[in-house]
Each structure stands twice: as structure tokens, then as C-alpha cells.
Amino acid sequence: MYLACLMDNRHGRRFLIRHSFDDGDCYRSRDLFDLGADPARFIHYPGGNGFYIDSRIEEGIAAKGLTVSQDDLEPIFMPFLDPHIRRVIDGFDRRARNGTPRTACGSSDKVHLFDRYRLHYLKLGRIEHRSMGCMPRHFYRGLQEKSRDEIEYDFIDAEQILKPHELARYTYQIFDLQACFSESFARSHPEGLDQTQMDRFFVDRLCRLNHDTTFWAGCPSESGLRYHLIRYAVMYFDNAFPTRDPFHDYLRDFMNRHRVYRPPQSVQISLAESAKLFDVSVDTLKKMDCRTLIRQYRKLAMQHHPDKGGDQDHFVRLNAAYHKLLNRKSRS
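Counting restarts for each chain: residues are numbered from 1 in the order of the written sequence. Reporting in this predicted model follows two pLDDT cut-offs: at least 70 for local features of residues, and 80 or more for side-chain atom pairs to be given and counted; totals over whole chains, interfaces and linings ignore these cut-offs and use all residues. Remark: hydrogens and water are excluded; side-chain values derive from all non-hydrogen atoms of the structure.

- Under an unreviewed UniProt entry, the name given to the protein is J domain-containing protein, and the source organism is Desulfosarcina ovata subsp. sediminis.

### Describing the pattern of salt bridges
No. 1: Any carboxyl oxygen of Asp or Glu that lies within 4 Å of a side-chain nitrogen of Lys or Arg is treated as forming a salt bridge with it. On inspection of all chains with the given rule, the structure shows 16 salt bridges.
No. 2: Across the pair Arg317 and Glu273 runs a salt bridge, and its minimum N-O distance is 2.7 Å. Of this pair, Arg317 sits in helix α14 (residues 312-331) while Glu273 sits in helix α11 (residues 271-277), and the two are 44 residues apart along the sequence.
No. 3: Three labels apply to residues, based on accessible area from a 1.4 Å probe with only protein chains included: buried if under 20% of the type maximum, exposed if over 50%, partly exposed otherwise in between. Overall, the relative accessible area of 24% leaves Glu273 in the partly exposed class.
No. 4: Salt bridges linked by common partners bring Asp115, Arg118, Arg148, Glu152, Glu159 and Arg231 together as one network. Runs of E in the DSSP output that reach at least two residues are strands. Runs of H or I that reach at least four are helices, and both are numbered from the N terminus.

### Observations concerning the sheet that holds strand β3 (residues 27-36)
Within a sheet, neighbouring strands are paired by backbone hydrogen bonds and run either parallel or antiparallel to one another.
No. 1: In spatial order, the strands read β1-β2-β3; together these 3 strands make up an open sheet with antiparallel pairing. This sheet does not close on itself; its edge strands, each paired only once, are β1 (2-8) and β3. Pairwise comparison of adjacent strand axes, ignoring direction, gives a mean angle of 40° for this sheet.
No. 2: In this description, strands pair whenever DSSP reports at least two bridges between them. Here β1 runs beside strand β2 (residues 12-22); their pairing, made up of 7 bridges, is antiparallel. Counterpart to Tyr2 in the pairing with β2 is Arg18.
No. 3: Seen against the sheet, helix α1 (residues 55-62) touches β2 and β3 and runs at an angle of roughly 145° to β3.
No. 4: Contacting β1, β2 and β3, helix α6 (residues 148-158) crosses the sheet at an angle of about 85° to β1. Each axis is a line fitted through C-alpha atoms, taken for helices only over the stretch in contact, and angles between the N-to-C directions span 0 to 180 degrees. Residues are treated as being in contact if the distance between any of their heavy atoms lies within 4.5 Å.

### Thoughts on the domain arrangement of the protein
No. 1: Domain start and stop positions are those given by an automatic or database domain assignment. As assigned here, the protein comprises domain 1 (2-97), domain 2 (113-259) and domain 3 (271-330).
No. 2: Each of domain 1 and domain 2 was reduced to a C-alpha centroid, and the two centroids are 29 Å apart.
No. 3: On the side of domain 2, 10 residues touch domain 1, which itself brings 12 residues to the contact.
No. 4: Overall, the association of domain 1 and domain 2 removes approximately 900 Å² of surface from exposure, summing both partners, and the carbon and sulfur fraction of that is 53%.
No. 5: Here's the idea: put two parts together, see how much 1.4 Å probe accessible area each one loses, and the total over both is what we call buried area. When the buried surface of domain 1 facing domain 2 is broken down by residue, Tyr2, Ser20 and Tyr27 rank first, second and third, together holding 50% of it.
No. 6: Ionic pairing is found between Arg18 and Asp149, a salt bridge with its closest N-O pair at 2.8 Å.
No. 7: N or O atoms within 3.5 Å of each other form a polar contact, as long as, within protein, one can give a hydrogen and the other can take it, and as long as residues adjacent in sequence are counted only when both atoms are side-chain atoms. The tally of links from domain 1 across to domain 2 stands at 7 residue pairs in polar contact (both at pLDDT 80 or more).

### A few points about the confidence of the model for the protein
No. 1: Averaged over all residues, the pLDDT of the protein equals 86, while 91% of them reach at least 70.
No. 2: Across the protein, element-level confidence peaks in helix α8 (residues 195-210) with a mean pLDDT of 96 and bottoms out in helix α4 (residues 94-97) with 44.
No. 3: Confidence of the prediction at every residue is given by pLDDT, a number between 0 and 100. pLDDT under 50 marks residues 93-105. Its contacts with residues more than four places away, or in other chains, come to 22 contacts.

### Describing helix α7 (residues 167-174)
No. 1: With 8 of 8 residues buried, α7 lies mostly within the body of the structure.
No. 2: Residues of α7 that are buried: Leu167, Ala168, Arg169, Tyr170, Thr171, Tyr172, Gln173 and Ile174.
No. 3: Among the structural elements, α5 (113-124), α8 and α9 (227-237) are those in contact with the buried residues of α7.

### Some words on the nonpolar core
No. 1: With 36 residues, the main nonpolar core has Tyr170, Ile174, Phe175, Met198 and Tyr232 as its most contacted residues.
No. 2: For this core, the secondary-structure elements that each account for two or more residues are α5, α6, α7, α8 and α9.
No. 3: Not counting the four nearest positions on each side in its chain, Tyr170 is found in contact with Arg118, Tyr121, Leu122, Glu159, Leu162, Tyr232 and Met235.
No. 4: Formed by 22 residues, the second largest nonpolar core is a distinct cluster that contains Cys5, Phe33, Ile61 and Ile76. By nonpolar core is meant a set of buried Ala, Val, Leu, Ile, Met, Phe, Trp, Tyr and Cys residues that side-chain atoms within 4.5 Å join together.

### Description of the packing of aromatic side chains
Geometrically, a pair of aromatic rings is defined through the distance of the ring centres and the angle of the planes.
No. 1: Any two of the Phe, Tyr and Trp rings considered here, Trp counted by its six-membered ring, make a pair once their centres fall within 6.5 Å; the pair's planes then place it as stacked at under 30 degrees, edge-to-face at over 60, or tilted in between. Taken as a whole and judged by the stated rule, the model has 17 aromatic pairs.
No. 2: Ring plane angle 80° and centroid distance 5.2 Å describe the contact between Phe139 and Tyr140, whose orientation is recorded as edge-to-face. Take Phe139 and Tyr140: they sit in the same class, and that class is buried.
No. 3: Measuring from ring centre to ring centre gives 6.0 Å for Phe175 and Tyr232, while their planes differ by 75°; the resulting arrangement is edge-to-face.

### Re the state of the cysteines
No. 1: Any two cysteine sulfur atoms within 2.5 Å of one another count as a disulfide. Under the criterion given, the structure shown has 0 disulfides.
No. 2: For Cys26, which is in no disulfide, the shortest distance to another cysteine sulfur is to Cys219 and amounts to 8.1 Å.
No. 3: Using a relative accessible area of 17% as the deciding quantity, one classes Cys26 as buried.
No. 4: Residue classification places Cys219 among the partly exposed residues on the basis of a relative accessible area of 23%.

### Re the pairing of strand β5 (residues 50-53)
No. 1: Here strand β4 (residues 43-47) pairs with β5 via 3 bridges, running antiparallel. When the sheet's bridge partners are listed, Gly47 is paired in β5 with Gly50.

What follows is the structure, given as C-alpha cells:
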């Protein structure tokens, strides 16, 4: 189940609970319960931090042939919950609030290219065409066993992470407008391209997607631009590419290159080298107790510390030998 939001010219915004189901050919969606303009009216607060969903919803959905529980309904009503109670319960029982996870991991070949572009950008911050065919199957798990309508509402939620200055680049990349230009800077500096041409290419690709029967499989036909594509037209025409700041680009590149933590390689020290570093024989080093080892280490550390003019590599190896010996002697 998922929450759908529709805009009605007469009554404004309206919320519905919907459900994706497999009709044999594809996944479709159907309405289960009309929540009206204010879903919060179905949430009851008996006291303290407790709450429950009105039983009328369970009964109404049961009449449609689907049995649901309070745990199933909770994720749908979470955005309308009292902010204080939501903060209190946040972090508890996330698995139940997020519903039963889907385990299907279909092939990425069955995922529409437009969905793949959007998923890559929202998860990775960019679209790398060369790596798209190498992603593991579970990368696309969230797109499995869902109707087109439910997938689109999932993307609406996921796109909330985008900042206003990212929207122009987001639409530029997910519609693959760079492929329409031969300029070498089309990928990195789209703001330098001919805007009139770009607008024409965008409208053309938007119309093609609007009439793509494979993409909209299971959805009823609509006249004009489909409801779920209107937001991309707004994103594109109401936002401009931000002015490039070389210093900001440098910082972003630096952060991207250091996102993956690489732990330092452990220093391998033999017992003979440790004895040499501690300026004693191997036999003497073996007989040292922890207190003597610590005293000897502190004496040598004062001599070889880089701040005292010592050699950096020598001090690193001395430190590694000390910790290795101290752990060994502490266990014995």
C-alpha cells in the first residue's frame, strides 16, 4: 500500500490509499480508501505518546478484499502524525513502520531506462553510463512488484532530498539531454549550451516519455501531459543552472574523492626489529614486563618524536612495535 496525492480543481488536494497488484500482464494500482483533504483526522490520540488509526479505514479496505493491520497503515499516516509524537517514536521499530520489505530482485534489463537514470542520480549523486550495466540486482529492488503509479510516488518522496540549485541539473541528466549535443563540455558545463536548443530537446524527450506505452503499462490513458510528468516540466522551466564557482567545484571534488574511508595499512613488525627499535636484545625484550616496556617506550618516544627532531618513519614503527608487544604481554 502507498499514499497517493491528487490535485482536484474543485476541492484542491486529496489523499488516497492505493494498492499495487499483479493482473497477470503488469502491475496496476487501485484505490482502497479516500482520505480526503486531511488524513490527520483519522489519527486518534488516547493519551501520552500513543495513537491509533481509525478502524473505519481497516473496515473500508477489508471491504475491498484486502486485510490490513495498524502496523500496515502506520507508515502511510506517519507524515500526518503529531510532530512531537513523531520525534518521540522516531528510530523505534522502523521495519514495522516501513512495511514488509520486498525480496524480489529482478533483472535491471526489465527496469525502464528513465527509472534507472533517476535512481542512479538520487542514490549516487550523478549518472555514470559506463557503470549502469554493472550494478547488482538488489540496487533496483525498490522498483520491483510495484505499479507505475506507486513507483512515481516513491520517486516524488526520494526527490525531496534535492536542493533547489540541483533541480536543473537533475532534469538535464535524467532526460539524458547531454546526448543531444556534440560539444565536449556538454556533460560538465550544460549552462554553456544553447538554451533554446536544450528546451526543444527537453520537450521532445518529455513528449516521447509521455507516449511511451511500455513505461505507462497498467496506467489509464490521459489526455495531454500525464500527471506524473508535470513536475519535471516545472523542475526544468522554473529552475536555472547555478553559476559555477571554481572554489565550490574544488571542494565538491575533494569531498567526492574522500567519501570512501580507507583505513591505514597495519605496520608489520618482527620481534627482531622490535628489539632493535627498543635498543635491547631479543631475550631482554621477551623478559620485559608491561611496566618496563612502557617506561622504555616513553624514553625512546621522547627521543624520536618528530616534534623533537626525530624521524617520522622510525617513530611510526616504534609506536607500532610498542602496541603490538603491549597487547601480547597484557594477554600473557
